[in-house]
Amino acid sequence: MIEVRNLTKVYGQHHAIDDISFTVEDGEVLGFLGPNGAGKTTTMNILTGYISATSGQAIIDGTDILDDPEGVKKKIGYLPEFPPVYTDMTVGEYLDMVSKLKKVKEANRKESIDSVMEVVKIQHMRKRLIANLSKGYKQRVGLAQALIGDPKIIILDEPTVGLDPQQIIEIRNLIKGLGKKHTIIFSSHVLSEVSAVCERVLIINKGKIVASDTPDNLSRQLQGTNRLQIRLAAPEKTASKIIKDIQGIKSVQFQGEREEGTSDFIVETGVDLDVRKTVFNGVARSGYPLLMMRPLDMSLEEIFLKLTHTEKEGK
């Protein structure tokens, strides 16, 4: 659906993005991460046709955006970080204007606007001035304008910035729902939101792609190990010996007594080794109950910080 080939954007001596390449499959929800100034917004502006690249290609649904900019733009709905709303208009007036700009046929215009307003749940705000809306509802109106014309691709730049926790949850649920019908690129600094919504993350730093994978795969690759949290109904020394005797365990770290008469441990194994069955059978033979066993992966925040910090140190 989206193919970026060797894309570069240069301002004077500064490379905003530097020879980046990636693809986004049809129906995929991609999280686009990076620190401020990393090149996220520049990339999105090129994909949406707002600015041109210095070199490279942005191919949308098989068409280079430079070959047919108007046709490609019809396939894209874009929500910038600051929604492009006109505050002196009502919600209905604004969306009607957007539908005209997007050349939605007059016969389909009302139905299209009604459908979009229902999706983002702003039907009751149709006659309200945008100036009088909360930030959360302004964000919904911005999302509505991106959906006008039913584009195949939705690009969202920091859609939850400045929202309160309840509003963030509402926008997250909206995006998850949209992911059932659209290909989505979702940029955010709220890493937990990206992890909750996106199937794959792409991390950019200083204009270069430094990682592209699922959060789980990135976690395993960066840790170099698999980690399990284990709780046994046994004293520390007894429980520690039981676990250390299990084949495949590289290290055992005692975490304390979280429940009376129990012992918690973090154990590490090889990166490609799944020892959960071995742990279960080994503990079962000991006669002590295994109360908990769950995998521990690096959080998206830890992945992000490790990759961007490593990139920084390498410069």
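Our structure is the block above this text.
Residues numbered from 1 in each chain as written. Predicted model: local features only at pLDDT ≥ 70, side-chain atom pairs only at ≥ 80, totals over all residues. Heavy atoms only, no water.

A. Examining the packing of aromatic side chains more closely. Counted by the stated rule, this structure contains four aromatic pairs. Taken together, a centroid distance of 6.1 Å and an interplanar angle of 40 degrees make the contact between Phe22 and Phe32 tilted. Taken together, the positions of Phe22 in strand 2 (residues 14–24) and Phe32 in strand 3 (residues 29–33) put the pair 10 residues apart, joining distant regions of the chain. On the basis of relative accessible area, Phe32 is assigned to the buried category, the value being 3%. (Phe/Tyr/Trp six-rings, centres within 6.5 Å; stacked < 30°, edge-to-face > 60°. Helix = DSSP H or I, 4+ residues; strand = E, 2+ residues; numbered from the N terminus. Buried < 20%, exposed > 50% of the residue type's maximum accessible area, 1.4 Å probe, protein only.)

B. Quick look at the sheet that holds strand 8 (residues 183–187). The strand order across the open sheet built from six strands is 6-7-8-3-9-10, with neighbouring strands paired in mixed fashion. The open sheet has two edge strands with one neighbour each: strand 6 (76–79) and strand 10 (208–213). Strand-to-strand twist in this sheet, taken as the mean axis angle between neighbours without regard to direction, amounts to 15 degrees. Both strand 7 (residues 153–157) and strand 8 contribute to a ladder of five bridges, which runs parallel. Across the sheet, residue Ile155 finds its bridge partner in strand 8, namely Ile185. Across the sheet, helix 1 (residues 40–47) is in contact with strand 3, strand 6, strand 7, strand 8 and strand 9 (200–205); its angle to strand 7 comes to roughly 150 degrees. (Pairing = 2+ DSSP bridges. Axes fitted to C-alpha atoms, helices over the stretch in contact; angles between N-to-C directions. Contact = heavy atoms within 4.5 Å.)

C. Layout of the environment of Val85. By the secondary structure assignment, Val85 is in the loop between strand 6 and helix 3 (91–101). Val85 sits 46 residues away from Ala131 along the chain, and the two C-alpha atoms are 9.2 Å apart.

D. Local environment of the packing of helix 3 against helix 5 (residues 135–147). Packing of helix 3 against helix 5 leaves a shortest axis separation of 9 Å and a crossing angle of 25 degrees. The angle between helix 3 and helix 5 falls in the class roughly parallel. Helix 5 is crossed by helix 3, and the crossing has right-handed handedness. Seen from helix 3, the contacting residues are Val91, Tyr94, Leu95 and Val98; seen from helix 5, they are Val141, Ala144 and Gln145. A per-class count over the contact of helix 3 with helix 5 returns six nonpolar, one polar and no charged. (Parallel < 35°, antiparallel > 145°, perpendicular 65-115°, else oblique. Left-handed = near helix turned anticlockwise from the far one by under 90°. Nonpolar A, V, L, I, M, F, W, Y, C, P; charged D, E, K, R; others polar.)

E. Broad picture of the side chain of Gln145. Here Gln145 is to be found in helix 5. Under the relative-accessibility criterion, Gln145 is labelled buried at 8%. Those residues in contact with Gln145 that lie beyond four places of it in its chain are Tyr78, Leu79, Pro80, Pro84, Tyr94, Leu95, Val98 and Lys102.

F. Highlighting the pairing of strand 7. Counted residue by residue, strand 7 has five buried out of five residues, so it is predominantly covered. A two-sided burial pattern is seen for strand 7, the buried positions comprising Ile153, Ile155 and Asp157 on one face and Ile154 and Leu156 on the other. Sheet topology places strand 6 next to strand 7; four bridges connect them, and they run parallel. What sits directly across from Tyr78, in strand 7, is Ile155. Viewed along the sheet, the connection from strand 7 through helix 6 (residues 165–178) into strand 8 turns out right-handed. (Right-handed = clockwise from strand over helix to strand, strands pointing away.)

G. Focus on the packing of helix 5 against helix 6. One way to put it is that helix 5 packs onto helix 6 with a least axis distance of 10 Å and a crossing angle of 15 degrees. By the angle between their axes, helix 5 is roughly parallel relative to helix 6. The crossing of helix 5 and helix 6 is right-handed. Listed contacts from helix 6 to Gly136, Gln139, Arg140, Leu143 and Leu147 of helix 5 are Gln167, Glu170, Ile171, Leu174 and Leu178. Residue composition of the contact of helix 5 with helix 6, grouped by class: five nonpolar, three polar and two charged.

H. Region of the structure containing the environment of Glu260. Inspection of the secondary structure puts Glu260 in the loop between strand 12 (251–256) and strand 13 (263–270). For Glu260, a relative accessible area of 78% translates into the label exposed. Between the C-alpha atoms of Glu260 and Gln229, which are 31 residues apart in sequence, the distance is 17 Å.

I. Looking closely at the sheet that holds strand 5 (residues 63–64). If you trace the four strands from one edge of the open sheet to the other, you get 2-1-4-5, paired in antiparallel fashion. If you trace the sheet from one side to the other, it starts and ends with strand 2 and strand 5, each paired once. Bridge count for strand 4 (residues 55–60) against strand 5 is two bridges, and the pairing is antiparallel. Residue Ile60 lies in a different strand from strand 5, and its bridge partner there is Thr63.

J. Representation of the nonpolar core. Of all hydrophobic cores here, the largest spans 43 residues; its most connected members are Val91, Leu95, Ile122, Val141, Leu156, Ile184 and Phe186. Within the second largest apolar cluster, 24 residues are counted, among which are Leu7, Ile46, Ile60 and Ile76. (Core = buried A, V, L, I, M, F, W, Y, C linked by side-chain atoms within 4.5 Å.)

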